[in-house]
Amino acid sequence: MASLALAALLVCPLAAALDNGLSLRPAMGWLHWERFVCNADCDADPENCISEYLYMRMADVMAQEGWREAGYEYVCIDDCWSSLRRDARGRLRADPKRFPGGISQLAQYVHSKGLKLGIYGDVGTKTCAGYPGSLGHYETDAQTFADWGVDLLKFDGCDMNWTLLGEGYVNMSRALNATGRSILYSCEWPLYEWPFRQPNYTAIRETCNHWRNFADVYDSWSSVKSILEWTASHQDIIVPSAGPGGWNDPDMLVIGNFGLSHDQQESQMALWAIMAAPLLMSNDPRDICPRSKELLQNRHIIAISQDPLGRQGRRTVKTNGFEVWERPLSSGRLAVAVLNLLEMGGPRRLDVSSAPGWKRCDPQCNVTQILPRLKQLGVQTLKGKLGVAVNPSGTALLTISPISDAQTQSLLWKDLSFKNRAGPVL
Ligand code: GLA
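For clarity, every value in this text was computed on a predicted model and none was experimentally measured. (Residues numbered from 1 in each chain as written. Predicted model: local features only at pLDDT ≥ 70, side-chain atom pairs only at ≥ 80, totals over all residues. Heavy atoms only, no water.)

## Some points on a positive patch on the surface
- A surface patch of positive charge is lined by R291, R349, R373 and K375.
- Among the secondary structure elements, R291 is positioned in helix α13 (residues 290–296).
- Using a relative accessible area of 52% as the deciding quantity, one classes R291 as exposed. (Patch = residues over 30% accessible without salt bridge, like charges linked within 9 Å, V, L, I, M, F, W, Y side chains within 5 Å. Areas by Shrake-Rupley, 256 points an atom, 1.4 Å probe, with all protein chains shown as cover. Salt bridge = Lys/Arg side-chain N within 4 Å of Asp/Glu carboxyl O. Lys, Arg positive; Asp, Glu negative; His and termini not counted. Charge placed at Lys NZ, Arg CZ, Asp CG, Glu CD. Helix = DSSP H or I, 4+ residues; strand = E, 2+ residues; numbered from the N terminus. Buried < 20%, exposed > 50% of the residue type's maximum accessible area, 1.4 Å probe, protein only.)

## Structural notes on the state of the cysteines
- For the structure shown, the criterion picks out five disulfides.
- The side chain of C128 participates in a disulfide bridge whose partner is C158; the two sulfur atoms lie 2.1 Å from each other. Between C128 and C158, the S-S dihedral sits near 100°, and the bridge is therefore right-handed. Here C128, found in the loop between β3 (116–122) and α6 (138–148), pairs with C158, found in the loop between β4 (152–156) and α7 (165–179); they are 30 residues apart in sequence, far enough to count as distant.
- Accessibility expressed as a relative area gives 18% for C158, which makes it buried. (Disulfide = S-S within 2.5 Å.)

## Some words on the site of the ligand
- Lining the immediate surroundings of the ligand are W33, D78, D79, Y120, C128, A129, K154, D156, E188, R212 and D216.
- Between the ligand and the protein, one listed contact pairs an oxygen atom with a side-chain N or O atom of D78 at 2.6 Å.
- With respect to the ligand, the side chain of D156 contributes an N or O atom lying 2.8 Å from an oxygen atom.
- Burial of the ligand by the protein amounts to 92% of the accessible area it has alone, namely 310 Å².
- A breakdown of the residues in the shell around the ligand according to their chemical character gives four nonpolar, no polar and seven charged. (Near = heavy atom within 4 Å. Polar contact = N/O pair within 3.5 Å; in protein donor to acceptor, adjacent residues only side chain to side chain. Nonpolar A, V, L, I, M, F, W, Y, C, P; charged D, E, K, R; others polar.)

## Section: the pairing of strand β16 (residues 395–402)
- Most of β16 is tucked away, with eight of its eight residues classed as buried.
- Of the two faces of β16, the one carrying T395, L397, T399 and S401 and the one carrying A396, L398, I400 and P402 are both buried.
- Two strands pair when backbone bridges link them, and strand β11 (residues 334–340) and β16 are joined in this way by six bridges, in the antiparallel orientation. Within the sheet, the bridge partner assigned to L339 lies in β16 and is T395.
- In terms of strand pairing, strand β13 (residues 364–371) meets β16 through six bridges, oriented antiparallel. Note that in β16 the partner of L371 across the bridge is L397. (Pairing = 2+ DSSP bridges.)

## Re the domain arrangement of the protein chain
- Under the domain assignment, the protein chain is made up of domain 1 (12–305) and domain 2 (314–409).
- Taken over C-alpha atoms, the centre of domain 1 sits 31 Å from the centre of domain 2.
- Counting residues at the interface gives 26 residues for domain 1, matched by 25 residues for domain 2.
- Interface area for domain 1 against domain 2, summed over the two sides, is near 2100 Å², with a carbon-plus-sulfur share of 62%. (Domains from an automatic or database assignment. Contact = heavy atoms within 4.5 Å. Buried area = accessible area lost by both parts, 1.4 Å probe.)

## Notes on helix α10 (residues 221–233)
- Taking 1.5 Å as the rise per residue, α10 with 13 residues should run 18 Å; its terminal C-alpha atoms sit 18 Å apart, in good agreement.
- For α10, the set of buried residues is W221, S223, V224, I227, L228, W230, T231 and A232.
- Looking at the buried residues of α10, the elements they touch are α9 (201–207), α11 (235–238), α12 (262–274), β9 (314–319), β10 (322–328) and β11. (Expected span 1.5 Å × (residues − 1).)

Laid out in structure tokens, this is it:
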């Protein structure tokens, strides 16, 4: 085992992660932004406005309806929670009308449900919705969040000179560390740096627990597709930086809202698991269709997302309106997602045995289909053919497990170099 760990270091040195002991697996939870945006009108819409009531109800539902048991742990506030002015001592404060009990009391409530509380800030002068930013106040704000009992900080990058982004994100990371409280640090540093230059992912991984690279997700299939395309076309740059302690963040799951068909929801869930993405849903679990809930709580997909090997997958094939994405898993297993991007006609078949990862079937493997429904596809051989039918904009998700122990060991060794290799030319 020790020699295996040493080999891992020699073959694919993963940059050091932020050393706060957090996010050893991609974080799971709920984040208000995509679904509830900046609704501050509690007189007109008391059930859905950004208020302590909203997060308390979310915590109730997450504790009562299987979400916490499925792994969803963080209840996260996004923008628009604060007052427009700091208090007399220069500290951020929650809007007193919408958060009469304050964030500290809200954190206690969320903790009493066995969950954790996330909050939102900004590295610059103002948040993206125009609330006070933290520039010039990093130590004070980090200490305030720690004093309140906050467990996660999403730190946005609006209203900031891009040349100072790195310094700002690093200083806030240090300030959080100096509080002594474990606060998961979710950054948007690369998203704001990409328009000017290629971000330094080694530095980002040392600073943040996850990081947004690309535009905000919307409740639409075109938005989800654009995130997948960006990720695949930058995979050689971003995939090597992901691993226990730090992850690429393709933004929230919008499953259970209005814009995605059920097949598209399955595609988002499957591909977010393949991408080792944080699973932060932005929906209304108080009122969600049972099929979407079942999908979000699907333990087989969550097991892929949270796999202990901690490696992000990549797109390995793009052919004839199909994409194949593959993620190496622990014990020499592989998760394979087959996405049908053709938005017309009916289900189309792809031969999964043409995927590069099918080499795990030398001489034999066991294949389990997870999506569209759980099904054992049995023992397969290297030379065998296995077709899967995939609905338009849907995804078939499979796991491939080599059969013998000896084979598992040899595949583990091969896995060690997977991350540093560019995929096949597409
Ligand atoms: C930016 C972020 C979003 C959200 C909003 C809030 O657009 O990328 O995720 O936090 O700001 O204003």
